[in-house]
Amino acid sequence: MASHLLTLDSLGRDGIVRVLELSAHVKKLRGDTRDSLAGGRVGMIFDKPSTRTRVSFEAAIWGLGMLPIALRPDELQIGRGETIADTARVLSRYLSALVIRTFDQAKVEELAKYATIPIINALTDDHHPCQALADVMTMQEEFGDFAGLRLAYVGDGNNVCHSLIQAAGWLGFTLAISAPEGHQPKAEIVAAARANCARYGGGIELGHDPSAAVRGADAVYTDVWASMGQEKEREVRALSFAGYKVDSDLMALASPRAIFLHCLPAHRGDEVTDDVMDGPASRVWDEAENRWYTEQALLYLLITGRDRWERTT
Ligand code: CP
Ligand code: NVA
């Protein structure tokens, strides 16, 4: 079993299935897992803004009976030249786990190399594994099984897309991606997931035509056109992504039972219209709520290594 969550591949199929089982249990308890990990301490470093991840992790940590410790980047000695390795070694002496949102995936990997506690990737430029766990939980709640499911991803082949690609590989559903030229997901992530699909089913389809991806899909997913750190590219990207808006005409091509998913925050009117965000197919608020349950499950699994819920103190 994984001791870190660096990308979704850290968990593999068994780990993802265990997180989903534990998450369903936590949801039945309405998130009331009080004192399951009483006395623990979890640090959180956010080098980028966050609403959902920050609050759902803090609520999850507190709900498990642990102390959340927000570590502001400008208050850490890392900003004055202390190495990531030394920071990892020291924080491991105080904390039960460390949650980090940052730019460079290599920083998360470097922390994990020297830490003796679980390191949890709360989003990097390349991956957003915590989001993908809530996404697949929301799909499982809607459809039960992943076999035969088609998820269409419309937009940027970014961090969120990469984690969904890994999810499709491990859980064996089809992910049909339509992204403009120059914004396709990384080839090595696609190749690794395709190898998993060969074993578990499903597949990764790549193309440029949103209609082709969405036709017959059970779920349609999109994300912002300019991610955090790409603010200066916003106008140029708006031109490249102009044909990649999820509106009710595009949704009409999907299966009649199709749901709409978005990691949020949404830029309404850009990648998605109000009528889709607020329409009957939208599951975006459930998806956001599920972050809270999946994060409790993930913390429990990584900190205890146990796949059944029981008090540890
Ligand atoms: N989906 C997500 O990670 O949202 P935040 O950036 O608000 O944490
Ligand atoms: N791709 C987006 C996801 C935000 C949750 C970003 O990185 O800004």
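Above this text is the structure in question.
A brief structural summary.

Conventions used here
- Starting afresh in each chain, residues are numbered from 1 along the sequence in its written order.
- All chains are assigned letters beginning at A, and all ligands numbers beginning at 1, according to the order in which they are written.
- Only residues with pLDDT of at least 70 are given local features in this predicted model, and only at 80 or more are side-chain atom pairs given and counted; all residues enter the totals for whole chains, interfaces and linings.
- By convention in this description, side-chain values take in all heavy atoms of the structure and omit both hydrogens and water.
- At least two DSSP bridges between two strands are needed for those strands to be called paired.
- Helical segments are the DSSP runs of H or I of at least four residues, strand segments are the runs of E of at least two, and each set is numbered from the N terminus.
- Axis angles are defined between N-to-C directions and span 0 to 180 degrees, where every axis is a line fitted to C-alpha atoms and, for a helix, only to the segment in contact.
- Any two residues whose heavy atoms approach within 4.5 Å are treated as being in contact.
- The near set for a molecule or strand comprises every residue that places at least one heavy atom within 4 Å of it.
- As used in this structure description, the phrase polar contact means that two N or O atoms lie within 3.5 Å; if the pair is within protein, one of them must be able to donate a hydrogen and the other to accept it, and residues adjacent in sequence are counted only when both atoms belong to side chains.
- Method for areas: the Shrake-Rupley scheme with a 1.4 Å probe, in which residue coverage is limited to the protein chains shown.
- We call Asp, Glu, Lys and Arg charged. Ala, Val, Leu, Ile, Met, Phe, Trp, Tyr, Cys and Pro are nonpolar, and the rest, Gly among them, are polar.
- Accessibility here uses a 1.4 Å probe with only protein chains present; expressed as a share of the type maximum, an area under 20% marks a residue as buried, one over 50% as exposed, and anything in between as partly exposed.
- Look down the strands so they point away from you; if the path from the first strand over the helix to the second goes clockwise, the crossover is right-handed.
- Working definition: rings of Phe, Tyr and Trp (its six-membered ring) pair if their centres are within 6.5 Å, and the pair is stacked with planes under 30 degrees apart, edge-to-face with planes over 60 apart, and tilted otherwise.
- Note on definitions: salt bridges are taken to be side-chain nitrogens of Lys or Arg within 4 Å of carboxyl oxygens of Asp or Glu.

## Let's talk about the sheet that holds strand β4 (residues 119-121)
Okay, so step 1: Pairing in this open sheet of 4 strands is parallel, and the strands run β2-β1-β3-β4 from one edge to the other. Only two strands of the sheet have a single partner each, and these edge strands are β2 (67-70) and β4. With direction set aside, neighbouring strand axes in the sheet form an average angle of 20°.
Okay, so step 2: As defined by bridge partners, strand β1 (residues 41-46) adjoins strand β3 (residues 97-101) across 5 bridges and the pair is classed as parallel. Bridged to Met44 within β3 is Val99.
Okay, so step 3: Sheet strands in contact with helix α2 (residues 52-63) are β1, β2, β3 and β4, and its direction is about 175° off that of β1.

## Re the sheet that holds strand β5 (residues 150-154)
Okay, so step 1: With parallel pairing, 5 strands are arranged side by side in an open sheet as β7-β6-β5-β8-β9. This sheet does not close on itself; its edge strands, each paired only once, are β7 (203-207) and β9 (259-262). Put simply, the sheet's adjacent strands are angled 20° from each other on average, direction ignored.
Okay, so step 2: Sheet topology places β5 next to strand β6 (residues 174-178); 5 bridges connect them, and they run parallel. Each residue of the ladder has a partner; that of Tyr153, found in β6, is Ile177.
Okay, so step 3: Of the strands in this sheet, β5, β8 (219-222) and β9 are in contact with helix α5 (residues 129-143), which crosses β9 at around 170°.
Okay, so step 4: Where helix α12 (residues 284-304) meets the sheet, its contacts fall on β8 and β9, and the angle it forms with β9 comes to roughly 50°.

## Remarks on the site of ligand 1
Okay, so step 1: Within the structure, ligand 1 sits among Ser50, Thr51, Arg52, Thr53, Arg101, His128, Gln131, Cys263, Leu264 and Arg291.
Okay, so step 2: Within the backbone of Cys263, an N or O atom sits 2.9 Å from a nitrogen atom of ligand 1.
Okay, so step 3: In the environment of ligand 1, a nitrogen atom lies 2.8 Å from a nitrogen or oxygen atom belonging to the backbone of Leu264.
Okay, so step 4: Isolated, ligand 1 exposes 260 Å² of accessible area, and the fraction of that covered by the protein chains is 96%.
Okay, so step 5: A breakdown of the residues in the shell around ligand 1 according to their chemical character gives 2 nonpolar, 5 polar and 3 charged.

## A look at the pairing of β6
Okay, so step 1: Of all 5 residues making up β6, 5 are buried, and the element is well covered by its neighbours.
Okay, so step 2: On β6, burial covers both faces: Thr174, Ala176 and Ser178 on one face and Leu175 and Ile177 on the other are all buried.
Okay, so step 3: With helix α6 (residues 159-171) bridging β5 and its parallel neighbour β6, the resulting β-α-β unit is right-handed.
Okay, so step 4: As paired strands, β6 and β7 are joined by 5 bridges and run parallel to one another. If you follow Ile177 over to β7, its bridge partner there is Leu206.
Okay, so step 5: One crossover worth recording links β6 to the parallel β7 by way of helix α7 (residues 187-200), and it is right-handed.

## Re the packing of aromatic side chains
Okay, so step 1: Enumeration over the complete set of coordinates arrives at 7 aromatic pairs.
Okay, so step 2: Relative to Tyr200, the ring of Trp170 has its centre 6.2 Å away and its plane inclined at 45°; by these criteria the two rings are tilted. Taken together, the residues span a long stretch of sequence, with Trp170 in helix α6 and Tyr200 in helix α7 at a distance of 30 residues.
Okay, so step 3: Among the residues examined, Trp170 registers a relative accessible area of 14% and is labelled buried.
Okay, so step 4: Seen from their ring centres, Trp225 and Phe241 are 6.0 Å apart, and the 15° between their planes marks the pair as stacked. Of this pair, Trp225 sits in the loop between β8 and α9 (234-240) while Phe241 is found in the loop between α9 and α10 (248-251), placing the two residues 16 residues apart along the sequence. Residue Trp225 shares its accessibility class with Phe241, and that shared class is buried.
Okay, so step 5: Taken together, the ring pairs in this structure connect Trp225, Phe241 and Tyr244 into an aromatic cluster.

## Remarks on the pairing of β9
Looking along a regular strand, one sees side chains alternate from face to face of the sheet.
Okay, so step 1: Covered by surrounding structure in β9 are Ile259 and Leu261 together with Phe260 and His262, the residues of both alternating faces.
Okay, so step 2: Across 4 bridges, β8 lies against β9 in parallel orientation. When the sheet's bridge partners are listed, Ala219 is paired in β9 with Ile259.

## Observations regarding the pattern of salt bridges
Okay, so step 1: Tallying each qualifying case throughout the model produces 17 salt bridges.
Okay, so step 2: Between Asp156 and Arg237 there is a salt bridge, with its nearest N and O atoms 3.1 Å apart. Here Arg237 lies in helix α9 and Asp156 lies in the loop between β5 and α6, a separation of 81 residues in the sequence. Assigned by exposure class, Asp156 and Arg237 land together as buried.
Okay, so step 3: Asp278 serves as the salt-bridge partner of Arg268, at 2.8 Å between the closest nitrogen and oxygen. Linking Arg268 in the loop between β9 and α11 (274-277) with Asp278 in the loop between α11 and α12, this pair joins segments that are 10 residues apart in sequence.

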